[in-house]
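Working through the structure, step by step
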Amino acid sequence: MKFREECAVFGCCGVDGAAETAYLGLYALQHRGQESTGIITSDGSRIYEHRDLGLVSKVYGAETLARLRGRLSIGHNRYSTTGLTSAANIQPMLVDCKIGKIAIAHNGNLVNAVELRRAMELDGSIFRSTTDSEVILHLIARSRAGTIEEMIVEALSKVRGAFSLVFLTKDRVIAARDPHGFRPLCLGRLGDAHVVASESCAFDIVGAEYQREVAPGELCVLGGDGPQFIRWSEPAAKLNRCIFEFIYFSRPDSRVFGENVDKVRRMLGRRLAEEPHDLLLRDRRVHRRVAEDD
């Protein structure tokens, strides 16, 4: 099964030319994944999609974006950590179920995806990819809840692990975050419209204003009446924000977990400089021995 630890997700609702907005957001988030990219849009009645292997600047052209009609969109840049690169695994993923079409873009890693998938396969489910993200779509499709929000909540209550998600239906974009807050996800405002993204640098390129994080254990529903927030799970007693977002993955001009990345990196550098000299010497000796052993 293929997992996606550090990918980019983006979504917008109520934006003229939503595909172009998603393209710019994904371009700003290219550092989070270079294997493949995809955009799915809706004009309120029809769903349009384009996905391919490669970089954002190579996958989309003017003609491609023009075919992606509508004022709602979600997008994804992929960075997988296991498994083979395959067109079947490119996100966002789109399925047709009893409520109509629904698409998902996922950043994170579900730790119980294998057992959930095995149980559903034994019950007759057919999977077309090797991603853990597809498990969430199957759980949504199997739900007997009355609304799409309730179906998503029921599905998320059954998965464990790290996830920052954006969903698209024909008339709304829904963002969700796991209760531990492992991966970042933030909300911005673009005039009367709203956008969500893995990092705030995606807001800067489209001219959106950062508003706040999507809170751990929260759904953010973007439709015709502005953002609606649903607490689907209480946040964990101790949040588990991935430190590598600050150290490695995020752009220095981004705000993730409510903090400016460059500011945090400078703070970490100052703390490192304050480490006792004997500890630094010990670390150097350890690294030297490891290098000699290699």
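Look above for the structure.
Reference entry: report on the structure contained in this document.

The rules behind the values
- Residues numbered from 1 in each chain as written.
- Predicted model: local features only at pLDDT ≥ 70, side-chain atom pairs only at ≥ 80, totals over all residues.
- Heavy atoms only, no water.
- Helix = DSSP H or I, 4+ residues; strand = E, 2+ residues; numbered from the N terminus.
- Rg over C-alpha atoms; globule rule 2.2 N^0.38 Å.
- Buried < 20%, exposed > 50% of the residue type's maximum accessible area, 1.4 Å probe, protein only.
- Contact = heavy atoms within 4.5 Å.
- Areas by Shrake-Rupley, 256 points an atom, 1.4 Å probe, with all protein chains shown as cover.
- Lys, Arg positive; Asp, Glu negative; His and termini not counted.
- Charge placed at Lys NZ, Arg CZ, Asp CG, Glu CD.
- Pairing = 2+ DSSP bridges.
- Axes fitted to C-alpha atoms, helices over the stretch in contact; angles between N-to-C directions.
- Parallel < 35°, antiparallel > 145°, perpendicular 65-115°, else oblique.
- Left-handed = near helix turned anticlockwise from the far one by under 90°.
- Nonpolar A, V, L, I, M, F, W, Y, C, P; charged D, E, K, R; others polar.
- Expected span 1.5 Å × (residues − 1).
- Polar contact = N/O pair within 3.5 Å; in protein donor to acceptor, adjacent residues only side chain to side chain.
- Phe/Tyr/Trp six-rings, centres within 6.5 Å; stacked < 30°, edge-to-face > 60°.
- Lys NZ or Arg CZ within 6 Å of the ring centre and 35° of its normal.
- Core = buried A, V, L, I, M, F, W, Y, C linked by side-chain atoms within 4.5 Å.

Moving on, we get to the overall build of the chain. Each helix and strand in the chain was counted, giving 10 helices and 15 strands. Scaling as 2.2 N^0.38, a compact globule of 294 residues should have a C-alpha radius of gyration of about 19 Å, and the chain matches this with 20 Å. For the C-alpha atoms alone, the extent of the chain along its principal axes is close to 65 × 45 × 40 Å. Put simply, the chain has 294 residues, and 51% of those count as buried. Looking at the chain alone, contacts between residues at least 24 apart form 64% of all its contacts between residues at least 6 apart. Of the roughly 13900 Å² that the chain leaves accessible, carbon and sulfur atoms contribute 50%. Each charge sign in the chain was given a centre, from 40 positive and 39 negative side chains, and these centres are 1 Å apart.

Here six strands make up an open sheet; going across it, the order is β5-β6-β7-β8-β12-β13 and the pairing antiparallel. The outermost strands of the open sheet, each flanked by one partner alone, are β5 (93-97) and β13 (226-231). Between one strand axis and the next, the sheet turns through 20° on average, direction left out of account. Bridge analysis of strand β8 (residues 173-177) against strand β12 (residues 218-223) gives four bridges, and the strand direction is antiparallel. When the sheet's bridge partners are listed, Ala-175 is paired in β12 with Cys-220. Packed on one face of the sheet, helix α6 (residues 148-156) meets β6 (100-110), β7 (161-168), β8, β12 and β13 and runs near 155° to β12.

Let's shift gears to the packing of helix α4 (residues 113-122) against helix α5 (residues 133-142). Between α4 and α5, whose axes approach to 10 Å, the crossing angle comes to 45°. Relative to α5, the element α4 is oriented oblique. Between α4 and α5 lies a crossing whose hand is left-handed. Judged by residue contacts, Ala-113, Leu-116, Arg-117 and Met-120 of α4 engage Val-135, His-138, Leu-139 and Arg-142 from α5. Within the contact of α4 with α5, the residues separate by chemical class into five nonpolar, one polar and two charged.

This part is about helix α9 (residues 261-273). Taking 1.5 Å as the rise per residue, α9 with 13 residues should run 18 Å; its terminal C-alpha atoms sit 18 Å apart, in good agreement. Between the side-chain oxygen of the N-cap and the backbone nitrogen of Asp-262 there are 3.1 Å, and the N-cap of α9 in question is Asn-260.

Okay, the sheet that holds strand β11 (residues 209-213) next. The strand order β3-β2-β4-β1-β10-β9-β11 describes an open sheet built from seven strands, whose pairing is antiparallel. Among the strands making up the open sheet, the edge pair consists of β3 (47-53) and β11. Across the sheet, the mean angle from the axis of one strand to that of its neighbour is 15°, orientation sign disregarded.

This paragraph deals with the packing of aromatic side chains. Under the criterion given, the structure shown has five aromatic pairs. Summarising the aromatic geometry, the rings of Tyr-23 and Tyr-27 are spaced 6.3 Å apart at their centres and angled 35° between planes, so their arrangement reads as tilted. You can see Tyr-23 and its partner Tyr-27 sitting in helix α1 (residues 18-28), four residues apart, about one turn around the helix. Take Tyr-27: its relative accessible area is 46%, and that puts it in the partly exposed class. The ring of Phe-229 is capped by Arg-212, whose NZ or CZ atom sits 3.9 Å from the centre of that ring. Residue placement shows Arg-255 over the ring face of Tyr-210; its charged tip is 4.2 Å from the ring centre.

Another point: unusual backbone geometry. Phi is mostly negative for residues that are not glycine, and the peptide bonds are mostly trans. Gln-91 connects to Pro-92 through a cis peptide bond whose omega is 0°. When you line up the elements, Pro-92 lands in the loop between β4 (72-78) and β5. For Phe-257, which is not a glycine, the phi torsion comes out positive at approximately 50°. Mapped onto the elements, Phe-257 comes out in the loop between β14 (255-256) and β15 (259-260).

Another point: the nonpolar core. Nonpolar side chains in soluble globular proteins tend to be buried together. Membership of the largest hydrophobic core comes to 29 residues, with the highest contact counts inside it found for Phe-10, Ile-39, Tyr-60, Leu-65 and Phe-203. Considering every element that reaches this core, the biggest residue donor is α1, with six residues. When residues no more than four places from it in sequence are discounted, the contact partners of Phe-203 are Cys-186, Leu-187, Gly-188, Val-195, Val-196, Ala-197, Ala-208 and Tyr-210. The next biggest cluster of nonpolar side chains, apart from the first, holds 28 residues, and it includes Ala-113, Ala-155, Val-159 and Phe-167.

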